[in-house]
Amino acid sequence: MVSERIRQALAGSSAIRAMFIEGKALAEKVGAENVYDFSLGNPATEAPKALNEAIKEILDEEDSLIIHGYMDNSGYEDVRQSVADNLNRRFGTHFNYHNIIMTVGAAGGLNIIFKTILDPGSEVMVFAPYFGEYRSYAANFDGKLVEVFPNTADFQPDMEDFEKKITPKTRAVIVNTPNNPTGVIYSQETMKKIASILCAKEQEYGTDIYLISDEPYRELVYDGAKEDFLTKYYHNTLVGYSFSKSLSLPGERIGYVVVPDEAADSDLLKDGINVSNRTLGFVNAPSLMQKAVARCLEEKTNVGFYDGNRILLYEELTKLGFTCIKPQGAFYLWMKSPVEAEEEFVRAAKKYNILFVKGSAFACPGYVRIAYCVSKEMIERSLPAFKELAKEYGLA
């Protein structure tokens, strides 16, 4: 018999994954070339050649007993120092290897942070729309997710609702910028306001509130936007990063957590996250991939490829009469449903073999998410189907 916790998890299973599975079944039925699957944020660009070369060199140069063996639960010290040096050079920070814990992707990083800071009933705040797995990650440690209402004008966080919902039980606030699912980048004004509110609430309640920056899309920015690093805004900022998008390595599960010395109980946090890495069963991040990414910290996926897809899809869909938020980063297009119940819109799209994810999966009904991390050819093939979908709803 499975646990009640797992029964609840199964009942709320990811709509994104469900759509991905449905897409595979549809492809078998009508042919993959006739299915326009925009459901999953799976990178369409290849990993940089330097990454593959680094793996080969490491295997040739280093003792296999060492490279495939255990190390400190936080990861190799030289790898962590390389990450710290890279961040310091790019963002003017002052980290060393003690501030870095290598993790099994950003998801692993968020889980070890939550295990370290959450008590049963602790509140974790999220800005809707948000990545739905946050709820499961908090629930893993009996935390309660508190949603801040979406601001549908520009999808910057609703500050009034945010401030109102902070309580003495608030332990963490998650920010994800560039954002999944909207592609919006939170402005400096937004970040400064979040920091100001959190500082005031910490003082009011006599508590520590951690700002957790979930940053898998940090490098995917467009139109001259600058990559940002959020520790400069607020003293209690923790960073969870993944190389899944920046180096097109989603299946390798490699990332890191940053704990600045300025964070409250910094040394305890580092020790707790280190222990959590082990006791959650990760033990340590994958050894070979640690070494490989350390040699490729200056590498980046082909952002121009995603930018081309972004412009093509946004321009073509808005010409057809769809209302979309123009993405500033990541590789998602956030489109308003022509009808209030977006589930109906998602079903209608399936008639034309178009697959995207309903907004309610991100706690924001009335919208759909389109992942444009696909081939340009697929986008071009999909446009006649989108045209038929637009006609069905009487759009221009």
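S.K.: I'm lost on the overall build of the chain in this one. Help?
M.R.: The helix and strand inventory of the chain stands at 14 helices and 13 strands. For the chain, whose C-alpha radius of gyration is 21 Å, the value lies close to the compact-globule estimate of 21 Å for 396 residues. Along the three orthogonal principal directions, the C-alpha set of the chain runs to about 60 × 55 × 55 Å. When the 396 residues of the chain are sorted by exposure, 55% land in the buried category. For the chain, the proportion of contacts with a sequence separation of at least 24, taken over those separated by at least 6, is 73%. When the accessible surface of the chain is summed, it comes to about 17200 Å², and 49% of that surface belongs to carbon and sulfur atoms. The positive charge centre, built from 43 side chains, and the negative charge centre, built from 55, are 4 Å apart in the chain.

S.K.: Is there a simple way to think about the nonpolar core in this case?
M.R.: Across soluble globular proteins, you tend to see nonpolar side chains buried next to one another. Formed by 42 residues in total, the largest nonpolar core has its most connected members in L317, F322, F356, F386 and L389. Counting residues in hydrophobic clusters, the runner-up holds 32 residues, among them I55, M71, F95 and Y256.

S.K.: Would you mind showing me how to read empty space enclosed by the protein here?
M.R.: Space left empty within the atom packing is revealed by a probe, the size of a water molecule, rolled over the atoms. Applying the stated rule across the entire model yields two cavities of 30 Å³ or more. Considered as a void within the structure, the largest cavity measures approximately 50 Å³ in volume. Taken together, F127, A128, P129, N151, F155, Q156, P157, N179, T182 and Y186 form the lining of the largest cavity. Of the pockets and cavities examined, the second largest cavity occupies roughly 40 Å³. Of the residues in the lining of the second largest cavity, the class split is eight nonpolar, three polar and no charged.

S.K.: Quick question: what am I supposed to make of a nonpolar patch on the surface here?
M.R.: There is a patch of nonpolar side chains on the surface, built from V2, I6 and L10 and spanning about 270 Å² of accessible area. In this fold, L10 is placed in helix α1 (residues 4-11).

S.K.: Please explain the pairing of strand β3 (residues 123-127) as it appears in this structure.
M.R.: Along a regular strand, successive side chains alternate from one face of the sheet to the other. Of all the five residues making up β3, five are buried; the element is thus mostly covered by neighbouring parts of the structure. Neither face of β3 is open: one carries E123, M125 and F127, the other V124 and V126, and all of them are buried. Here β3 pairs with strand β4 (residues 144-148) via five bridges, running parallel. Bridge pairing links E123 to K144 in β4. Handedness of the β-α-β unit built from β3, helix α7 (residues 133-139) and β4 comes out right-handed. Note that β3 and strand β5 (residues 170-175) share four bridges and pair parallel.

S.K.: How do you make sense of the pairing of strand β2 (residues 100-103) when you look at a structure like this?
M.R.: Residues I100 and M102 line one face of β2 and the alternating positions I101 and T103 line the opposite face, and both faces are buried. Bridge analysis of β2 against strand β8 (residues 255-258) gives four bridges, and the strand direction is antiparallel. Bridged to I101 within β8 is V257.

S.K.: What is the right way to look at the packing of aromatic side chains in this model?
M.R.: Each aromatic ring pair is summarised here by two numbers: the centre-to-centre distance and the angle between the ring planes. Within the structure shown, the criterion is met by 23 aromatic pairs. Aromatic side chains F95 and F229 sit 6.1 Å apart centroid to centroid with 65 degrees between the ring planes, which places their arrangement in the edge-to-face category. In this pair, F95 is assigned in the loop between α5 (77-91) and β2 and F229 in the loop between β6 (210-214) and β7 (237-242), connecting sequence segments 134 residues apart. As far as the burial class goes, F95 and F229 line up, both buried. Chaining the aromatic ring pairs together yields one cluster made of F38, F322, F345, F356, F386 and Y393. K165 extends its terminal NZ or CZ atom over the ring of F149, reaching a point 3.7 Å from the ring centre. Geometry around Y76 places K291 over its ring, the cationic atom sitting 4.3 Å from the centre.

S.K.: Honestly, the pattern of salt bridges in this entry has me stumped. Any pointers?
M.R.: Oppositely charged side chains can form a pair if their charged atoms are brought close together. Under the criterion given, the structure shown has 24 salt bridges. Between E57 and R295 there is a salt bridge, and its shortest N-O distance comes to 3.3 Å. Placement of the pair is E57 in helix α3 (residues 49-61) and R295 in the loop between α11 (287-294) and α12 (303-319), with a sequence separation of 238 residues. Judged by its relative accessible area of 35%, E57 falls in the partly exposed class.

S.K.: Could you clarify how one ought to interpret helix α13 (residues 342-350) in this entry?
M.R.: For α13, the set of buried residues is E342, F345, V346, A348 and A349. Down the axis of α13, the smallest arc covering the buried residues is 160 degrees, so these residues share one side.

S.K.: In this structure, what is going on with the sheet that holds β8? I would like to understand it.
M.R.: Spatially, β2-β8-β7-β6-β5-β3-β4 is the arrangement adopted by the seven strands of the open sheet, whose pairing is mixed. Here the strands that pair on one side only, and so sit at the sheet edges, are β2 and β4. Direction aside, the axes of adjacent strands within the sheet are offset by 20 degrees on average. In the packing of α5 onto the sheet, the strands contacted are β2 and β8, and the crossing angle to β2 comes to about 115 degrees.

S.K.: Sorry, what's going on with the packing of α5 against α11 here?
M.R.: Two quantities define a packed helix pair, namely the angle between the helix axes and the distance between the axes. Two elements in contact, α5 and α11, have axes separated by 9 Å at closest approach and are oriented at 35 degrees. Between α5 and α11 lies a crossing of left-handed hand. Residues D78, V79 and S82 of α5 form the contact with α11, whose participating residues are Q290, K291 and A294. Broken down by class, the residue content of the contact of α5 with α11 amounts to two nonpolar, two polar and two charged.

Cut-offs used in this document
- Residues numbered from 1 in each chain as written.
- Predicted model: local features only at pLDDT ≥ 70, side-chain atom pairs only at ≥ 80, totals over all residues.
- Heavy atoms only, no water.
- Helix = DSSP H or I, 4+ residues; strand = E, 2+ residues; numbered from the N terminus.
- Rg over C-alpha atoms; globule rule 2.2 N^0.38 Å.
- Buried < 20%, exposed > 50% of the residue type's maximum accessible area, 1.4 Å probe, protein only.
- Contact = heavy atoms within 4.5 Å.
- Areas by Shrake-Rupley, 256 points an atom, 1.4 Å probe, with all protein chains shown as cover.
- Lys, Arg positive; Asp, Glu negative; His and termini not counted.
- Charge placed at Lys NZ, Arg CZ, Asp CG, Glu CD.
- Core = buried A, V, L, I, M, F, W, Y, C linked by side-chain atoms within 4.5 Å.
- 1 Å grid on protein atoms, 1.4 Å probe; cavity = no way out; pocket = protein on both sides within 12 Å on 5 of 7 lines; lining within 4 Å.
- Points joined across faces, edges and corners; volume = space filled by probe spheres on them.
- Nonpolar A, V, L, I, M, F, W, Y, C, P; charged D, E, K, R; others polar.
- Patch = residues over 30% accessible without salt bridge, like charges linked within 9 Å, V, L, I, M, F, W, Y side chains within 5 Å.
- Salt bridge = Lys/Arg side-chain N within 4 Å of Asp/Glu carboxyl O.
- Pairing = 2+ DSSP bridges.
- Right-handed = clockwise from strand over helix to strand, strands pointing away.
- Phe/Tyr/Trp six-rings, centres within 6.5 Å; stacked < 30°, edge-to-face > 60°.
- Lys NZ or Arg CZ within 6 Å of the ring centre and 35° of its normal.
- Arc of directions from axis to C-beta.
- Axes fitted to C-alpha atoms, helices over the stretch in contact; angles between N-to-C directions.
- Left-handed = near helix turned anticlockwise from the far one by under 90°.

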